[in-house]
Amino acid sequence: MSAQVVVPRFTVVTLGVSEMRRSIAFYASLGFARKFRATGEEVAFFDTGGTVLALYPWDALAQDAGVRDGPPRPEAFRGVTLAWNCSSEAEVDAALASAIEKGAALLKAAQPTDYGGYGGYFTDPDGHVWEVVVAPGIEVGEDGRVRLPA
């Protein structure tokens, strides 16, 4: 019997959210294209140009994963950020401004980074932290996909 070769891949980020309608509206307003709408508001999927962003009710996600959920929900940093890589400082500024205009909370205004990039941070309505950044050596193609150097 031969062993199947396992190829690692990162395909979906699922965020636990407290109000599906609000979160669906927020991510749609950022410009992410909602796909596979047959799931209604039970789960929402957005095409992000390489991976998928999924939204799922917070308590149902905790139950599905087999972890305890209960008050209070964490308000502190969870040790995870989502990144929105841009191709210029102007794009970083525009993306941050757009997110704030659509209901995000600004955590840190865009500024030069210690590694030669430029970026800032916002949170979505459930406190998920997003970094918006242009980073040296990381190319963002015309298709929006990130290309890393070899």
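Please read all numbers here as calculations on a predicted model, not as lab measurements.

Trainee: It is not clear to me how helix H1 (residues 20-30) should be interpreted in this structure. Could you clarify?
Mentor: One full turn of an α-helix is made of 3.6 residues, so residues set three or four places apart face in the same direction. Along H1, the positions that sit buried rather than exposed are Met20, Ser23, Ile24, Phe26, Tyr27 and Leu30. The arc that holds the buried residues of H1, viewed along the axis, is 160°, so those residues lie on one side. Within two residues after H1, Gly31 carries a phi angle of roughly 110°, on the positive side.

Trainee: What is the right way to read the sheet that holds strand E4 (residues 52-57) from this model?
Mentor: Strand pairing in a sheet takes place through backbone hydrogen bonds and is either antiparallel or parallel in direction. One open sheet accounts for 4 strands, arranged E1-E4-E3-E2; its pairing is mixed. The sheet is open, and its two borders are formed by strand E1 (12-17) and strand E2 (33-35), each paired with just one other strand. Each neighbouring strand pair of the sheet contributes to a mean axis angle of 30°, computed without reference to strand direction. Where E2 lies against strand E3 (residues 44-47), 3 bridges are found, and the strand directions are antiparallel. Bridge assignment links Arg34 to a residue of E3, and that residue is Phe46. Contacts from H1 reach E1, E2, E3 and E4, with the element oriented near 160° to E4. Of the strands in this sheet, E1 and E4 are in contact with helix H2 (residues 58-65), which crosses E4 at around 100°.

Trainee: Would you explain the sheet that holds strand E6 (residues 105-112) in this entry?
Mentor: Strand order in the open sheet made by the 4 strands is E5-E8-E7-E6, with mixed pairing throughout. Strand pairing shows two members of the sheet lacking a second neighbour, strand E5 (82-85) and E6, which therefore form its edges. Each strand axis lies, on average, 15° off the axis of its neighbour in the sheet, ignoring direction. For strand E7 (residues 118-123) and strand E8 (residues 129-134), the ladder comprises 6 bridges, and the chain directions are antiparallel. Opposite Thr123, over in E8, you have Val129 as the bridge partner. The strands that helix H3 (residues 89-101) touches are E5, E6, E7 and E8; relative to E7, the one it contacts most, it runs at about 10°.

How each quantity is defined
- Residues numbered from 1 in each chain as written.
- Predicted model: local features only at pLDDT ≥ 70, side-chain atom pairs only at ≥ 80, totals over all residues.
- Heavy atoms only, no water.
- Buried < 20%, exposed > 50% of the residue type's maximum accessible area, 1.4 Å probe, protein only.
- Helix = DSSP H or I, 4+ residues; strand = E, 2+ residues; numbered from the N terminus.
- Arc of directions from axis to C-beta.
- Pairing = 2+ DSSP bridges.
- Axes fitted to C-alpha atoms, helices over the stretch in contact; angles between N-to-C directions.
- Contact = heavy atoms within 4.5 Å.

By themselves, these figures tell us nothing about what the structure is for.
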